[in-house]
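As a plain string of letters, each chain reads:
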Amino acid sequence: MDEGARSRIPRDDERTVAPNFVTAAVDRDLASGRVERVVTRFPPEPNGYLHIGHAKAICLDFGVAADYGGVTYLRLDDTNPVQEDPEFVDAIQRDVAWLGFEWIALRHASDYFERLYELARTLIRRGDAYVDSQDLDTIRATRGTVTTPGTPSPDRDRPAEESLALFEAMRRGDHPEGAYVLRAKIDMASPNMILRDPVLYRILHATHHRTGDAWHVYPMYDFAHPLSDAIEGVTHSLCTLEFENNRAIYDWLVERLFDEPVPRQYEFNRLELDHTVVSKRKLAPLVDAGLVDGWDDPRMPTLAALRRRGVTPAAIRDFANRVGVTKTNARTDVGLLEASIRDDLNAKAPRVMAVLDPVPLTVEGLDEGDVGVRDAPLWPHDVPREGDRPLTLAREVWVERGDVARDPPKGWKRFAPGATVRLRHGPVVRCDRVDVADDGRVTAVHGTAVDPGADDVKVAGVVHWVARSVAVPATFQLVDRLFPMPDPGADDRDVAEKVDPGALRTLHGVVEPYVLEADPATRWQFERQGYFWRDPAHRDADGPPVFLRIVTLKDGWAKAEAPAPRRERRPAPAAPTAPDPEPDKAATLDAEGRARLARLEGLGVAHRDAARLAEHADVTGLVEAAHGTGAGASAAALANWALNELPRALTDAGDRPLADAQLGPAAFAELVALVEEGVVSGPTGKALLAELVTDGGSARERVEARGLARIDDADALTETVAEVLDAHPDEVATYLGGKEGLIGFFVGAVLRATDGRADPAAVREALTAALDARR
RNA sequence: UGGCCCGUCGUCUAAUGGCAGGACAUCCGGUUUUGGUCCGGACGGUCGGGGUUCGAAUCCCUGCGGGCCAACCA
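Residues numbered from 1 in each chain as written. Chains lettered and ligands numbered in written order. Predicted model: local features only at pLDDT ≥ 70, side-chain atom pairs only at ≥ 80, totals over all residues. Heavy atoms only, no water.

**Student:** Whenever I open this one, the packing of aromatic side chains confuses me. Can you help?
**Tutor:** Aromatic rings in a pair are described by how distant their centres are and how their planes are angled relative to each other. Throughout the structure, instances matching the rule amount to 20 aromatic pairs. Judged by centre distance (6.0 Å) and plane angle (80 degrees), the rings of F476 and F532 are edge-to-face. Of this pair, F476 sits in strand β23 (residues 472-479) while F532 sits in strand β26 (residues 530-534), and the two are 56 residues apart along the sequence. F476 sits in the buried class, given a relative accessible area of 0%. An aromatic cluster of at least three residues, connected via ring pairs, comprises F113, Y117, F167, Y201, W215, Y218 and F223. Cation over ring: R414 sits above W412, and NZ or CZ is 4.9 Å from the ring centre. For the cation-ring pair, R523 lies above W533, with the distance from its terminal atom to the ring centre recorded as 4.3 Å. (Phe/Tyr/Trp six-rings, centres within 6.5 Å; stacked < 30°, edge-to-face > 60°. Helix = DSSP H or I, 4+ residues; strand = E, 2+ residues; numbered from the N terminus. Buried < 20%, exposed > 50% of the residue type's maximum accessible area, 1.4 Å probe, protein only. Lys NZ or Arg CZ within 6 Å of the ring centre and 35° of its normal.)

See the structure below:
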């Protein structure tokens, strides 16, 4: 990777990560020149194994950087020695590498302890942090609640020199745990609890797995994380939604301590998967309690388990791409993961046969020429790959117990008395008899080979089998969902007690001998059963080979037989209600607000608009001042624009507050008057408003300089309308066919063609007329 | 209860204020020596109410629903 390479916005077809709001932000930063090179990081805490949810984050972190020619750090966030373990450090690296990603460098937050300590001292010197001697309970109690402000610590104004000395003593280990903490001095009354003088450092007399006993103070996440990002030169720091509130402290720190371009944090939705839990903290108890057989137990959603099960990195990457990256709390159907796994394996897995729950079948009427070894293809007709394996046919074969029924249900395509079934790659067999034990269990099947060419033979279906003479005993492990309910983490009950004991079933059956001759790491499709491979944990063990089911095949029949319980629907929306009357804002106004309201109404602004406007002193001020300029704009129009158009212009200008806008009352009044008088069109007015907000200046001058006056010439409009319609014959046909929603498409096209100068209402009218004429 | 964030087919997710589209799932049909794959088709959605606009999923107000925050965890 070229260390100094400038990042470039990729074309859509060059992207491995589907465009999303994060890539949009990256695009903006690159286009504006705010950053030159994309740097991301994946920052797991080494306190557990990575899971499928991390895979989504990894694909995003690494994928985004790679798509732009940037780099990614793998950073172990080891700021809390009491809950971290080097075992996990190795596992994390193995999993990320397995997924197929390369980090530019492996880092630890502990690499930066010295640097972070200095940064903390800088904060203290500037009066932005202080050492607090309150104990934990007091700090908690004085933080306040979500509705009540906190109360400042008596140590809040401790002189910097004193804090510095204490902080140094804390570092040396002079004080017991809990005696002091370092706190940022921000705002004890902030509505964002994170900002109520957050703790930056605490005393911990613990041995760190990398720094040993060198430190007695350890930084908190909120301090170490943003500053580690900044130290590494991370440009886009991607994390999950629950850190949204933390962005405030993130910005507070990096903006105080570093120069532009400072890293920016973006929060995306974490992956929630049905019927499992995607949280290290909820997974760990399962491992600790022995409910599963370790972090790589095939029922687990960890990457180690998925790898052991035989799921490929490609399938996981595909899945990560399919679930997408947004800000909505989403819960993904496991079916989506399974679809990615099947798509991947369908083209990769050779087809062979295994009988998981065998029952003997005796085939009469097979002559010497029929039995013996033959070649059978490993691939179906629709997978473009070549290859055969030797397949032995004999009179005695094993078939699947589930493929035999004495009293078949309607639509049955397998063995049943009188039914005719083909043995895959073998003869057609008429079922003569089904033996059943007292308990109803099928014990044996008897059949006779028939000539498939005979007129009266109708082959109901195809069934898999293995000749008894060559069948190799094998064990099959069938993995199912870990929890029976879709959202096991929904309530506070311990997830451990919800684990489905039947989530792992073991079956003893047989497999074709060829399977044991091939590469033991082969992923197979056992026809009609699913994708399997040999459990890596058992490949070298004695005894029958152990096959893990990676994923089932789609099974239309199983669904027809026992329709899967439908997912709980979302709680039904409340019954349609009568129109909600909008509360009168005037009621909640304070004295000054009521005064503003009265003035606005006096100017002729309707009560409703006036009340909404009066809530904001600054916007009211703008409207009043604009009206006072005598530019001719009516107060009602000014209010309308201020209320409905200005917010978007402000948002588009980078969420800037009105105070930072370049738009003054005079320009605003002039603009609104221009539109009101019909000098410029509405669309032009809106475009100009956006320009005035960011760049300032005069609306009228812009109109004159750029010829933005409204198009009044009916003939010119008619001509443009005709051009647009001629350019879109298909759409015209569709419109005339009844899809009248297309009118918007045409209006938009005409507006674009005229640079927004046409009056939309006139355009629409002309369009409707022209379209009617073409009927 | 305060602040922040989020509501689009059953699920996940698109749509510079301009044709609500895709994937998974479901259903129907075709191909098939896998009840698989593949192909064709169908079903199905902008949380409710108001406002702005020629035009609103998108902007504004409001109601409702969901998530996050009061660790010396991350």
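What follows picks up the thread again.
**Student:** I'm lost on the sheet that holds strand β2 (residues 71-76) in this one. Help?
**Tutor:** Note: strands within a sheet are paired through backbone hydrogen bonds, in either parallel or antiparallel orientation. The three strands are arranged β1-β2-β3 in an open sheet whose pairing can be described as parallel. Looking at strand neighbours, the two that pair on one side only are β1 (39-42) and β3 (105-108), the edges of this open sheet. Averaged over all neighbouring strand pairs, the angle between strand axes comes to 30 degrees, with direction disregarded. Direction of pairing for β2 relative to β3: parallel, over a ladder of four bridges. Looking at β3, one finds that Y73 is bridged to A105. Seen against the sheet, helix α3 (residues 86-99) touches β1, β2 and β3 and runs at an angle of roughly 155 degrees to β2. (Pairing = 2+ DSSP bridges. Axes fitted to C-alpha atoms, helices over the stretch in contact; angles between N-to-C directions. Contact = heavy atoms within 4.5 Å.)

**Student:** Can you help me understand the packing of helix α4 (residues 113-125) against helix α6 (residues 160-172) in this one?
**Tutor:** Geometrically, a packed helix pair is captured by the angle between its two axes and the distance between the axes. The contact between α4 and α6 brings their axes to 9 Å, and the two run at 160 degrees. By the angle between their axes, α4 is roughly antiparallel relative to α6. Seen along the crossing, α4 lies across α6 with a hand that is right-handed. Seen from α4, the contacting residues are E114, Y117, A120, R121, I124 and R125; seen from α6, they are A160, S163, L164, F167, E168 and R171. Of the residues belonging to the contact of α4 with α6, the class tally is six nonpolar, one polar and five charged. (Parallel < 35°, antiparallel > 145°, perpendicular 65-115°, else oblique. Left-handed = near helix turned anticlockwise from the far one by under 90°. Nonpolar A, V, L, I, M, F, W, Y, C, P; charged D, E, K, R; others polar.)

**Student:** Any chance you could explain the pattern of salt bridges here in plain terms?
**Tutor:** Between side chains of opposite charge, a pair can form as their charged atoms come close. Enumeration over the complete set of coordinates arrives at 58 salt bridges. R15 serves as the salt-bridge partner of D12, at 3.2 Å between the closest nitrogen and oxygen. Here R247 ties to E267 by a salt bridge, and the two come within 2.7 Å at their closest N and O atoms. In this pair, R247 sits in helix α8 (residues 247-257) while E267 sits in strand β9 (residues 264-268), placing the two residues 20 residues apart along the sequence. Given a relative accessible area of 1%, E267 falls into the buried group. Each of D29, R34, D251, E255, E260 and R264 takes part in one network of salt bridges that share partners. (Salt bridge = Lys/Arg side-chain N within 4 Å of Asp/Glu carboxyl O.)

**Student:** Looking at this structure, I do not really get the packing of α4 against helix α7 (residues 221-232). What am I missing?
**Tutor:** One way to put it is that α4 packs onto α7 with a least axis distance of 11 Å and a crossing angle of 110 degrees. Taken together, the axes of α4 and α7 lie roughly perpendicular to each other. The residues of α7 that touch α4, namely those facing R115, L116, L119, A120 and L123, are F223, A224, L227, S228 and I231. Looking at the contact of α4 with α7, its residues break down into eight nonpolar, one polar and one charged.

**Student:** Where do I start with unusual backbone geometry in this structure?
**Tutor:** Peptide bonds are trans in most cases, and residues, glycine excluded, mostly fall at negative phi. E260 connects to P261 through a cis peptide bond whose omega is -5 degrees. Tracing the chain through its elements places P261 in the loop between α8 and β9. Phi at H275 takes a positive value of approximately 65 degrees, unusual for a residue other than glycine. When you line up the elements, H275 lands in the loop between β10 (272-273) and α9 (280-288).

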